[in-house]
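Descriptive analysis of the structure
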Amino acid sequence: MHTFEVTLDAFILSICTAFLAAVICVTWLIAIRQTNRASVARQSRPAGAWQMPLSMHETDANGVCDGTTKSYVISPSIRSSAPARMLRSDAFDAAKKSFARPPPSECWPQKPLLLVPEDYAKCTVSGEARFNSEEPFEFETPLFSGVCLCRFRDLEPPADARRAECGERLKAYFHKRKRTFQVVIQGQFKREVRVDAVITGHEFFAPLVNIPGSLILKPILRAFRAMSRTIDVRIFGPRPCVYASLGGTAQAISVDAKGAEPDITSVEGIVENCSRLGGVFAKSRGVSVKKRKKMLSNVKIARNFSFNTGDVYTFDCFQHVFVPHSYRLNLGFRSVELARHLNHQPAQIMAKTLCDEYVYCFSLWHEKLLESTTTA
């Protein structure tokens, strides 16, 4: 009996050993196969770069998006751990852009912030770009003409505001709301543009600095992606950027006949109304905000809809992560000082096409950006 038990134990041990060896061999073979595939793929790419297909639009001889697609060569400066979707267009790479240096903060009419239309985007303003005035200011780009209204929490109205009740209106708008700012854009496109071709976000023309470790960075990226599943985040490299679909991230969109557009100064906010986009949006029951965001964030769906030249479009954008008055990101468990990482570059209120034609573009400067980037 003793001999039988020893033999049985030896048999079980040999079976376990054989199984473990098989697992190791299979894992090794899979690793070899993936390495070979990667090697073949690298041989087919240009030296020092890799290519990935991306549904972006080429421009025709007149510089207009013609709807065709191409592949873009991406610099290997992106860390290997970064998502493959952190891409940018050739037009953005080729453009020699830079932020105009703002005047000394002592000259700013609404310290600690300064709102500036950007020349590189060919964005011009009639009068002055202001916030918390409860009066929209007019702006124009080669692609779009309209008005903009900005509300920033915990900041005073301009000293010369014409609406005496500015302060009360701002309090009424933010009352019992978590959001820290609101930007409403309303106007008309000068040329028809497909919905999937219009993106919004932030772009920078110099590397970011003092980038935190993964324990801090990952929650920040999750906070961004919570706002849009299709968001493109490029933290590393010479031209950092954060892009997302305008149609898929705006908190409310209203498409109206000229003369029937909503009042963007309403403290109640903009009511969703996308029926004039056509298709499923034109059905009697309409489409909810949540479903619209999901649909228009999907390139295959969004490419079937267009922003035309006849209707008036209103985009209501707000959120609670970015805090303008302190220039920080509020992640709930942690607050991140943006100025320490932006390398003297401002965040933007911006939307453009994949062909680099700007719908609107305003830089939002803070006094902190003029200070040393090493300041905590």
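A brief look at the structure comes next. For clarity, every value in this text was computed on a predicted model and none was experimentally measured. (Residues numbered from 1 in each chain as written. Predicted model: local features only at pLDDT ≥ 70, side-chain atom pairs only at ≥ 80, totals over all residues. Heavy atoms only, no water.)

1. Observations regarding the packing of aromatic side chains
Applicable threshold: Two aromatic rings from Phe, Tyr or Trp, using only the six-membered ring of Trp, form a pair when their centres are within 6.5 Å; if the ring planes differ by under 30 degrees the pair is stacked, by over 60 it is edge-to-face, and anything between is tilted. Strands here are runs of E lasting at least two residues and helices are runs of H or I lasting at least four, both read from the DSSP assignment and numbered beginning at the N terminus. Buried, partly exposed and exposed residues are distinguished by accessible area as a fraction of the type maximum, computed with a 1.4 Å probe on protein chains only: under 20%, between the cut-offs, and over 50%, respectively.
Applying the stated rule across the entire model yields 19 aromatic pairs. Judged by centre distance (5.1 Å) and plane angle (80°), the rings of Phe281 and Phe305 are edge-to-face. Within this pair, whereas Phe281 is found in the loop between β12 (252–256) and α6 (289–296), its partner Phe305 is found in the loop between α7 (299–302) and β13 (306–307), the two being separated by 24 residues in sequence. We classify Phe305 as buried; its relative accessible area is 9%. Here Phe307 and Tyr313 contribute two aromatic rings whose centre-to-centre distance is 5.2 Å and whose plane-to-plane angle is 80°, an arrangement assigned as edge-to-face. Judged by relative accessible area, which is 2%, Phe307 ranks as buried.

2. Looking at the pattern of salt bridges
Selection rule: By convention in these notes, a salt bridge is any Lys or Arg side-chain nitrogen within 4 Å of a carboxyl oxygen on Asp or Glu.
Summed over all chains, the structure comprises 13 salt bridges. Between Arg151 and Glu134 there is a salt bridge whose closest N-O contact spans 2.8 Å. Of this pair, Arg151 sits in strand β6 (residues 144–152) while Glu134 sits in the loop between β4 (124–126) and β5 (137–140), and the two are 17 residues apart along the sequence. A single burial state applies to Arg151 and to Glu134, both of which are buried. Here Arg191 ties to Glu357 by a salt bridge, and the two come within 2.6 Å at their closest N and O atoms. Pair noted here: Arg191 is in the loop between β7 (181–189) and β8 (193–194) and Glu357 is in the loop between β18 (347–353) and β19 (358–366), with a separation of 166 residues, a long-range link. Here the salt bridges do not stand alone but share partners, grouping Glu134, Arg151 and Arg169 into one network.

3. Quick notes on the nonpolar core
The cut-off we apply is this: Residues grouped as a nonpolar core are buried Ala, Val, Leu, Ile, Met, Phe, Trp, Tyr and Cys residues, joined through side-chain atoms within 4.5 Å. The criterion used for residue contact is that any of the two residues' heavy atoms lie within 4.5 Å.
Cys150, Phe152, Phe189, Phe315, Tyr327, Tyr360 and Phe362 are the most contacted members of the largest nonpolar core, which totals 78 residues. Examining the composition of this core, we find that 7 residues originate from one element, β19, more than from any other. When residues no more than four places from it in sequence are discounted, the contact partners of Phe362 are Leu115, Val116, Pro117, Cys123, Val125, Phe137, Phe139, Cys148, Ala347, Gln348 and Ile349.

4. Re unusual backbone geometry
Leave glycine aside and you will find that most residues have negative phi; peptide bonds, for their part, are mostly trans. The linkage connecting Lys111 with the following residue, Pro112, adopts the cis geometry, with an omega of 15°. Mapped onto the elements of the fold, Pro112 is located in the loop between α2 (90–94) and β3 (113–117). Unusually for a residue other than glycine, Asp154 sits at a positive phi of about 65°. With respect to the helices and strands, Asp154 occurs in the loop between β6 and α3 (166–174). Residue classification places Asp154 among the exposed positions, given a relative accessible area of 57%.

5. Quick notes on the sheet that holds β6
Filter applied, for reference: We call two strands paired when DSSP finds no fewer than two bridges between them. With axes taken as lines fitted to C-alpha atoms, and helix axes fitted only over the stretch in contact, angles between N-to-C directions fall between 0 and 180 degrees.
Read across the sheet, 6 strands follow the order β4-β5-β6-β7-β14-β12 without closing on themselves; strand pairing throughout is antiparallel. With partners counted over all chains shown, the strands left at the sheet margins are β4 and β12, one partner each. Along the sheet, successive strands turn relative to each other by an average axial angle of 20°, direction set aside. Summarising the sheet, β6 and β7 pair through 9 bridges and their orientation is antiparallel. The residue of β7 that forms the bridge with Arg151 is Gln182. Docked against the sheet, α3 engages β6, β7 and β14 (312–319), running at close to 85° with respect to β6.

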